[in-house]
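Structural characterization, general
So the chains spell out like this:
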Amino acid sequence: MKTGRFWAWVVFILGAAYFFIPLIATVEFSMRMRRGAYSFDAYQIVLGDARFQATFMYSVIAAIFTIILGVLVVVPAAYWIRLRLPQIRPLVEFITLLPLVIPAIVIVFGYIRMYGSNSPLPFLANNTATNALLVIGYATLSLPYMYRAVDTGLRTIDVRTLTEAAQILGAGWGTIISRVILPNVLIAVLSGAFLTFAIVIGEFTMASLLNRPAFGPYLQNIGANRAYEPAALAIIAFAITWGCMSLIQILSRFAPKSANRPN
């Protein structure tokens, strides 16, 4: 028993070292911009850069619209499948996994072929339409995470009983989804939303090929032309991502516990 515990600690320490040593080295390097002293000059330059602020805000807005689109599509679909069409659930799960195996570059090249300036639908010639296509692409990339978060939340509630009770009280389908189902799976939806936010903030391929002023291409551009600022940006991006993951863990404590109820 003691031997097993010893090796468990060895594995834990090795894993922690593998994770934290590069991170500590990156932090240390990012603070060496001032010769002979540690400073936060690189962070001040990055945070004060107008391009950083513009690209970060663009990605934040894109993430908000992506989350809204994901909720509007995924919540009703997952609810209806669990309530009325459980037989197609394996097919839907397979479809939602496709963005994990189809590279983003394939999706964006499909956009260029279908909506380029020489196509019958030249959406890419218009900035607003291009932004909309980018949001749809982001929603596609985040679909596996949003769908599974919502589906997991739906497992914890008695969907059929809640639906029947709402119908007895005269509620329509829109009211049932917005005022009965969504509040009960709100924690799951927020978990999917934070994952979506993290994906959108760091995404590079789609934004770059569609020539959008997003945060991902800015990270790549700074990394190719500066020395200390890229390390500072990497730490900032890491903090944003892990901040989202921490919020998911905090919110999961308030999620309703799964119960063996018939759906």
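Rules and cut-offs
- Residues numbered from 1 in each chain as written.
- Predicted model: local features only at pLDDT ≥ 70, side-chain atom pairs only at ≥ 80, totals over all residues.
- Heavy atoms only, no water.
- Phe/Tyr/Trp six-rings, centres within 6.5 Å; stacked < 30°, edge-to-face > 60°.
- Helix = DSSP H or I, 4+ residues; strand = E, 2+ residues; numbered from the N terminus.
- Buried < 20%, exposed > 50% of the residue type's maximum accessible area, 1.4 Å probe, protein only.
- Expected span 1.5 Å × (residues − 1).
- Arc of directions from axis to C-beta.
- Contact = heavy atoms within 4.5 Å.
- Lys, Arg positive; Asp, Glu negative; His and termini not counted.
- Salt bridge = Lys/Arg side-chain N within 4 Å of Asp/Glu carboxyl O.
- Polar contact = N/O pair within 3.5 Å; in protein donor to acceptor, adjacent residues only side chain to side chain.
- Patch = residues over 30% accessible without salt bridge, like charges linked within 9 Å, V, L, I, M, F, W, Y side chains within 5 Å.
- Areas by Shrake-Rupley, 256 points an atom, 1.4 Å probe, with all protein chains shown as cover.
- UniProt positions renumbered as here; feature names shortened; annotations may be inferred.

An unreviewed UniProt entry annotates the chain as ABC transporter permease of Mesorhizobium album.

A separate point is the packing of aromatic side chains. Counted under the stated rule, the structure contains 16 aromatic pairs. Note on Tyr111 and Tyr115: the rings are 6.1 Å apart at their centroids and 55° apart in plane angle, and the pair reads as tilted. One end of the pair, Tyr111, and the other, Tyr115, are both in helix α5 (residues 104-115), four residues apart, so they sit about a helical turn from each other. Taken together, the aromatic side chains of Phe19, Phe20, Phe238 and Trp242 make up a single cluster linked through ring pairs.

In this section: the environment of Leu219. Within the fold, Leu219 resides in helix α11 (residues 215-225). For Leu219, a relative accessible area of 23% corresponds to the partly exposed category.

The next subject is helix α4 (residues 89-101). Here α4 spans 19 Å end to end across 13 residues, near enough to the 18 Å set by a 1.5 Å rise per residue. Those residues of α4 lying buried are Arg89, Val92, Thr96 and Pro99. For α4, the arc enclosing every buried residue in end-on projection is 70°, short of the 170-degree limit, so these residues lie on one face. Among the exposed residues of α4, those oriented more than 90 degrees off its buried face are Pro90, Leu91, Phe94 and Val101. Along its buried surface, α4 packs onto α3 (50-83) and α6 (127-155).

A word on the side chain of Arg212. Topologically, Arg212 is positioned in the loop between α10 (205-209) and α11. There is no salt bridge for the buried Arg212, and the closest opposite charge comes from Glu203, which lies 11 Å off by N-O distance. A polar atom in the side chain of Arg212 sits 2.9 Å from the side chain of Asn131. At 3.4 Å, the side chain of Arg212 forms a polar contact with the backbone oxygen of Leu210. The contacts of Arg212, once residues within four sequence positions are left out, are Tyr58, Asn127, Thr130, Asn131, Leu134, Ala207 and Pro217.

The next subject is a nonpolar patch on the surface. A contiguous nonpolar patch, built from Leu97, Leu100, Val101, Ile102, Ile105, Val106, Phe109, Ile112, Tyr145 and Leu209 and spanning about 830 Å² of accessible area, is present on the exposed surface. Elements with a minimum of two residues in the nonpolar patch: α4 and α5. Among the elements that take part in the nonpolar patch, α5 stands out by supplying four residues, more than any other. The topology assignment puts Leu209 in helix α10. Of the residues examined, Leu209 reaches a relative accessible area of 38% and is grouped as partly exposed.

Within the span of helix α7 (residues 159-168), buried status applies to Val159, Thr163 and Ala166. In a view along the axis of α7, the buried residues occupy a sector of 65°, so they form one face of it. Backbone geometry just after α7 places Gly170 at a positive phi near 90°.

Moving on to the UniProt feature "domain: ABC transmembrane type-1" (unreviewed entry) in the chain. Following the UniProt record, one finds the feature "domain: ABC transmembrane type-1" (unreviewed entry) at residues 52-249. Taken end to end, residues 52-249 has its terminal C-alpha atoms 28 Å apart, with 82% of it in helix and 0% in strand.

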